[in-house]
Every structure is written in C-alpha cells, then in structure tokens.
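Given next are the chains, with one letter for each unit.
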Amino acid sequence: MSEESKKARVKTGVPGLDRIIDDLRLGDNVVWKVDDIEDYRYFTRAFLAQSLQDRKKCVYLRFASHPPILDPCDGLEIIEVDPAEGFDVFSTAVHKIIENRGREVFYVFDNLSALAVEWATDELLAAFFQVTCPFLFELDTVAFFALTRGKHSYTAVARIRDTTQVLLSVFHGKNKWYIHPLKVWDRYSSEMFLPHEITDKEWQPVFHRHLAPDAAALASEKPLDLQVASIAPWDAVYRQLMKFRDMDQPLPESSPEVKSLKKEFSRMMLGSHPTFDRLVDQFLTVDDLFRIRNRLIGSGKIGGKAAGMLVARRILSKCKGPVNFNEVLEPHDSFHIGSDVFFTFLIDNNLFRLRLQLSENLKYGDEDYEDVQARFLDGRFPPEILEQFSRMLDYYGQAPIIVRSSSLLEDSFGNAFAGKYLSEFCVNQGGHHQRLDALVRAVKLIYASALSPDALSYRRKRGLSDRDEQMAILVQRVAGVPYKHFFFPSVAGVAMSRNLYVWTGRINPAKGMIRLVFGLGTRAVNRVGNDYPRMIAVSHPGLRPESSKQIPRYSQKIADVINVKDNCCDSLPVWEVADLNYPNLNLFVSEMKSGFLSDPVGQLLDGPIQNYVLTFNPLIERTLFVTMIDKALTELERVYRQPVEIEFTFSILREGSLKLNLLQCRPMMVPDLGADVAHPKNIPPEHLLFLTRKFLGGGIVGGIRYIIYVDPKIYAKMEDIHLKKSLGRVVGAVNAKLGDNDQKIIMIGPGRWGSSNIDLGVNVSYSDIDNAKAIVEVAYEESGQTPEVSYGTHFFLDLVESRILYLSVYPDEEEGSLNSRYLAEAPNALGRLLPEHQKFSDFIKVIDIPESSGGKRAEIAADPHSQQAWCYLTGS
C-alpha cells in the first residue's frame, strides 16, 4: 500500500458512493462531470453535511453565474472570487485563500465550466486546475469540482483527469440515474470503474451485456469526438453526408446524390467485394455508417470480421417470422481500430520493410516469429491514437473486453482466415494506465500476428500473397455476467447452416449444426484438451452421436472464464467455476442417478454437484434456443445466398427470456461431396491401411505417395515434454520438404492433431500440415488419445478450405481398423529426406509408399452418404 493510500479516510455523505470508491482520502480532488447542476448540488450538500458532522472546516468558493451550489449555514465559509479579472488574478486569489486556511480544509467549488465561458478557452480552465489541484493535495484537503459533460475539448479534460485523484461522471437515461467512476487514484476494486445505477437501496454495477451498452452510451455522449477538417476524400464524403443528415427533413437516402455518397463512404470503411457490396447497400443505412464512423479509431477500413458481424445483425433485425430479432439481439457495442492505424504503426516503427521481407521468406518459422512479436511490442503509437484508446476504455470502464483481428480479407467470400490472426482478451482490471497498457499490448500482438508463419502460409496457399491485406481491429465487450470472482457467458458456441457431421440418416444436413459450450466460446472454436462440446444437429436437436452411457465421458468438464481477481483468463473445472446456485443451471445440466441420466424437473437442484453433467438438454428441449439459431442460420444463408457460419453467446434474463449476442458471421466453405463413392471390392487384408466410419467431407484421394506417421502407442509413452513439443516442428519440416516437390501426403497420428494439450496429439499448426491431403487421427483406448470431432473449429475450417480430408480411426472398435503391422514394418525415409532430423526417427516415420510396397500408392475412398471410408494400396 502506498503512503497516499494510508491517508485518513473521508466519507462523502453518500454510503453508496463510499462503497464504490472505497471512501475518499485526505488530499483527494474530486471532479464531477454532470449534465445538470442539480446532480452536483445533491452530492455536494451530502458532502457538506457529513463534513460538518465530522467537525471539518468547510469553504465554498463562489465564482459562477449559476445559482448557488450550497446555501449559507453554520460552519460553512462562503468566499466569492471574480474570474472576470483574468486567469492570473483569479488563480492567485484562489491560491492565497487555500494557503491562508491551511491543512485539512474541505472545499466545494462552483462549476469550473463557467471559467471556460469567462476566459473563452479550455486551455486556461485546464491550466487553473493544474496549478490548484496539486496545492490542495499537498495540504491534505478534500475538494469538489464540477464540469459540464460534453462541453470541453478532450485535451482539456485529459489534463484535468491526469491531475485529479477522483473523476466521476453522473448522468440520466430511461428514468434511471447512473454514476460512472472514471478515475479513482491509488485504490481499486473489481467493480469500481463500472457504471452503477443509483437507487434508494443498494447501488448496483451494470454488468449485464444487454444493459451495459445503454448505460455506457449515456455516460459517453460522444465516445470519439471527430474533428473533421481534412480535405481528404474520407472526411469530405463524411461532411457531405452530414449536411444531408442535419437537414430538418428526413435523410433522403433514395436520392441519387445520397446513394452515391453512401456507397462511396461504405466502400471506404467496409471495403469492396461484389457479393458483400450487395448486402451492404441493401441492409446498412447512412445512420448505420455514421454509427460505425463514430466508433472508429483512426481512419481506414474496419475489416471483414467487423463488417460481417454488422451486416448480419442488420439482416436479422429486418427478418420477419416467429423470432423478433430486434427484441432478441443484444445491443451492438463494439469499437473499431481502422486499417490505416496499422500501416501508420508499421511505418512509424520501421516495421514495413520487415513485413515485405517475411512475406517472401519461405523458411520463416515460429522461432523467428518470437523475435517479430518482440519488435512489435517495442513499437509506439502516436499520442492522438493513444488518446482515443483511452477514451474507449473510459466507455467500457472495467468491463472485460476482447480485442479481435479484423483484416481486410478475413471472413470474406472464399477466405475465412479462421484462427490465423490473434484475438486477445483484456480482463480490464486495475487502474486506467494499467488497463491502457494491456489494451496497447493486445493491439500490438494482433498486428504482429499478421506476420505469423500460419498467416503467411495461408496467404501463399490461397494465392493471396499479392492481395492487399491490412489489419483492422474489432474491440467488443465480453458477453457474460460475474459469478464468484469470474466473468463469463452461460452459453457460447458456433453454428453452421450446413451439417457435414451426419451420424445418422435421420439428420437433415441442410438444417445445420451447433457446437455449444458453457463459458467463453474459445472452447467451441479451438481444439482443446481432453474435453468435449455439445454437438447439436439442428434438424434433430435431441439426438446425440454418443450412446447414453458414453454421455458423461463425452461432455464438457472444463470451462474457459475470465478471472477478475487475478486479472487473467483461466481454464478451470466447471464445478470450480459454478455451483448449484448458479443462475439457470437447471437448464444446462442432467443428473446421473443409478447409472442413468435424468433432466431436472424444476429449478432447484440438490445433491452432490459431481453428479451433474453438462448436457444442455433442458435448454434445448424447453426453450426457443434451437429455434432462434435455426431461424438465424436460415435467414442469413438465404440472404448471403450461400452457407454461413456464426459465433454467438446466449444469456438468460431473470424473467427467463433469451438474448442472443451475434459475435461473428462469415460465409461457410462447404466441400464438394459429389456423387456416391464406389465401395472398393476385394481389397487384400494386407493392402487395407485403415477403415473408419468417422470422418468429415468425402470423395476420393488417389496417388498418395507419402505417409507421415506418429505411432500413438509410442507417443503415449514419451515422457520428455521438450521432445514432444519438437515433433510438431519436425512434422512441419517434412510437410514443407515434400510440399515443395508437390507430393501427395497423408498424416496419421495420435488423438487430436493441433490440440492445445500435447499429451493428446501432435502440436502442429496450419503451416505444418498445409500440404497434406488427409489428416487421420488414431485413438486406442489404452492411450487415452481420443479424437474429438473438430467440426466447427478453426482447425476444421482449415481442412475444408485446403481440401484436406479429415478422418478418425478407432482400431479397438468393430467399425474401425488400422494396419499397424504395415506402418511399423515399412522403412523410414525421414533420415534420407531430412538428415538433420534423423534423431527423431524413433518417433516420426515417413513412409515412401512405392518404395515399401513394390511401386503401389495409397488411395482413400470416403463415401459421405454411407459414412464409410477406406485407405488401401493400389496400382502396380
């Protein structure tokens, strides 16, 4: 604890406020941003009453033309000072008043905004505060000041903010009264910097996402002030549209001039793509574009991820039918960092040439990337951008936020870039400077991810190396509510309008699939450890791919959450995060009784929490959850004119209604399954490499020359963690070597390729597997490396876009087989191909199929209609 925080506590006279800011301290200067002087009067009168009760000497400095803040009373000295004589005389007079009255005197000042009116400048107002506040602090006084919100330049307010100890914003809206602490120096709580609703009873922090944007928007009437004075086309078009908007009559959007300006303005911010342009022109209004511009830091485009999310929300808001998405959708509450900021950062920090060099370096790897990240983290932003970052944080308060990549090509038609660029959570706890540092670090890491090996490999593979790829950023409030010292949504997931994982003929593939988790949606889109999301076929939501006895095993046991207390993100056991008192838990769980699962009948749950399993059965069966997702997918696919994929969260309000937060929408790449695949006949047993009924996609892959094989049983016995981590790098080197020669490769290995848990699979990334024609995951019961159907993850999207077939083989089950003998006895070509990696030959085998089988090659025949797939040797 600092020496300042040890100073004597002072009560404000308002218990709710004392609780929020942990009391005042001697030395505090308290600035109130208010719309109505009556709000300031309410708090100053309470402060005076408390101070007189505590036998403090109180002084009211009167200098403004507005009605008096305080009325004369015993114990209050009222001193009038005339600001009309100028800054110097006024400041000197106030200084002498403070000096003559000495230590531990409590002051109330009139509204400081009157000084700006008198002196015709914000600069002198800020200067007065900067010379007065430190003197008051030295004398251990407590002083109250007011500012009229929205009437002063950001620079002046920033100077006042930097100088004062406490900055509070008070505002009204929708018959509610709020207070939002913007700065409380040298003390902290996890709720301190959130808007709070002022009531006669307990003052409540506004956490819930569907309420927080309204409160934050009222608190910050202009989140980003736009000083439009440039002659650049960007600002010129904006000014022209503003002229039309400011007319007394409704905006004539159908007029040729406005339509032309709107189109030009939208292309400047949202980019241009023939298909997407149609959606933007049809669904976004000029007011929508203004709202984007008013939430845009810097200039440039907002990127594909942000544009897709905004357009999808507007499509759903105009959707007719049984679901009224205007009532269901949570308010949009995002900010954007324009793509121009990215290039300015590169140029200002001498990183532009590095970008050009790395784009052409085919041998660039993860170790080099660590140095690139370090160079980006050393970079600096210009002061005007940092100011806008700071104001954005004021808007969000202490609400957790996520900083997401939104490059120009991301989520576009034909290129998803799924998982190629970073998204960074900012827990957003601590003082303002600490939170700003965390935000800046997140932005820099996302900028660096534009030069990651995976991203550059993806661009080369997709023929995008020469395309303009600028990095914009989308900043979103994290959906969820606090529970214990955690913050997370109850339900999150990803949904596709087409279902490629059809485990029974009863399922309609055209109705889509949902991948659902408890907690943050990271577990829905990433391949994680030994854990499982709930897979829901929209056409038959009650069906499961597992048998009833397997459900507890194949259920989610770990939740990703934000740990507010430790200021970090955590992956923790579900029943460490939640308990039987968690709101609406009865909708998410089933109870294991006598070896059988049963769904809760009512809302109350009892018994050992370990008996409960996350099945989401009641949510699926008793609410409109699936209906909402189904309607959203159907409408978006209809308007997009192709399949789509969305990311979302769901919240359940106290009255039981559901709220959908649409986080992302992108066109979905669907593999061409083609006609039925003929079942191969009379395959000699020794020529059958594997057989399975578990795969996604389909078709024939012939002429396979190489198998990269990691024996699951050997992998399971590896104890050297560093050796295990190295295997992915070696697999990547083989992949690059054989890919250079345009050879067809399949990869066969344990459990989950690309899992975050290396005990369950080889830790490869996209650039390590991008030349493969098929990925095969093998699971032996004894090894515990069970594959998890990756449908809907970023990993799966990589496979689809790269036309890589995905198969899982369970040799211990009747419907699966693996020719372990052939794989074990075939010669290992690793040392011949890559002599420098010879030492890994005991763990990684590269099989040259023609060399080991008398000139034969391998072929995979995967029939999606019968759900059978074979890999066998064929040819001479």
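Everything below is about the structure printed above this text.
All figures in this text were calculated on a predicted structure; none of them were measured in a lab.

Here we come to the sheet that holds strand β32 (residues 706-709). Pairing is mixed in the open sheet, where six strands are placed in the order β30-β35-β34-β33-β32-β37. One side of each edge strand has no neighbouring strand; the edge strands of this open sheet are β30 (694-696) and β37 (845-848). Strand after strand, the sheet turns through a mean of 15 degrees between neighbouring axes, direction not considered. Bridge count for strand β33 (residues 745-750) against strand β34 (residues 772-778) is six bridges, and the pairing is parallel. Bridge pairing in β34 places Ile745 opposite Ala772.

Here we take up the pattern of salt bridges. Counting across every chain of the model gives 33 salt bridges. Among the salt bridges present, the one from Asp394 reaches Arg161, with a minimum N-O distance of 2.4 Å. Placement of the pair is Asp394 in helix α17 (residues 383-396) and Arg161 in helix α6 (residues 154-163), with a sequence separation of 233 residues. We note that Asp394, like Arg161, is buried.

What follows concerns the pairing of strand β14 (residues 401-407). Judged by how many residues are buried, β14 sits mostly within the fold: seven of seven residues are covered. The alternating pattern of β14 places Ile401, Val403, Ser405 and Ser407 and Ile402, Arg404 and Ser406 on opposite faces, both of which are buried. As defined by bridge partners, β14 adjoins strand β15 (residues 423-426) across four bridges and the pair is classed as antiparallel. Residue pairing in the sheet places Arg404 in a bridge with Ser423 of β15.

The subject of this paragraph is a negative patch on the surface. A contiguous patch of negative charge, built from Asp366, Glu367, Asp368, Glu370 and Asp371, is present on the exposed surface. Inspection of the secondary structure puts Glu370 in helix α16 (residues 366-377).

The next point concerns unusual backbone geometry. A positive phi angle, close to 60 degrees, is found at Arg55, a residue other than glycine. Looking at the element boundaries, Arg55 is found in the loop between α2 (37-53) and β4 (57-62). Overall, Arg55 belongs to the exposed group, its relative accessible area being 79%. Its identity as a non-glycine residue notwithstanding, Ser594 has a phi of 50 degrees, on the positive side.

As summarised here, the arrangement of the four strands in space is β17-β18-β22-β23, forming an open sheet in which the pairing is antiparallel. Each having just a single partner strand, β17 (481-483) and β23 (568-573) make up the two edges of the open sheet. Neighbouring strand axes in the sheet, compared pairwise and without regard to direction, differ in orientation by 45 degrees on average. Of the strand pairs in this sheet, β17 and strand β18 (residues 486-488) are connected by three bridges, and their pairing is antiparallel. If you follow Pro482 over to β18, its bridge partner there is Phe487.

In this section: a nonpolar patch on the surface. There is a patch of nonpolar side chains on the surface, built from Ile347, Phe352 and Leu356 and spanning about 270 Å² of accessible area. Following the sequence through the fold, Ile347 ends up in helix α14 (residues 339-348). Taking the relative accessible area as the measure of exposure, Ile347 reaches 53% and is therefore exposed.

This part covers the pairing of strand β35 (residues 805-809). Burial within β35 is extensive, with five of its five residues counted as buried. Neither face of β35 is open: one carries Leu805, Leu807 and Val809, the other Tyr806 and Ser808, and all of them are buried. Pairing between β30 and β35: three bridges, direction antiparallel. Paired with Leu696 across the two strands is Tyr806, which belongs to β35. Here β34 pairs with β35 via five bridges, running parallel. Its bridge partner lying in β35, Ala774 is registered against Leu805.

Scoring rules and cut-offs
- Residues numbered from 1 in each chain as written.
- Predicted model: local features only at pLDDT ≥ 70, side-chain atom pairs only at ≥ 80, totals over all residues.
- Heavy atoms only, no water.
- Pairing = 2+ DSSP bridges.
- Helix = DSSP H or I, 4+ residues; strand = E, 2+ residues; numbered from the N terminus.
- Axes fitted to C-alpha atoms, helices over the stretch in contact; angles between N-to-C directions.
- Salt bridge = Lys/Arg side-chain N within 4 Å of Asp/Glu carboxyl O.
- Buried < 20%, exposed > 50% of the residue type's maximum accessible area, 1.4 Å probe, protein only.
- Patch = residues over 30% accessible without salt bridge, like charges linked within 9 Å, V, L, I, M, F, W, Y side chains within 5 Å.
- Areas by Shrake-Rupley, 256 points an atom, 1.4 Å probe, with all protein chains shown as cover.
- Lys, Arg positive; Asp, Glu negative; His and termini not counted.
- Charge placed at Lys NZ, Arg CZ, Asp CG, Glu CD.

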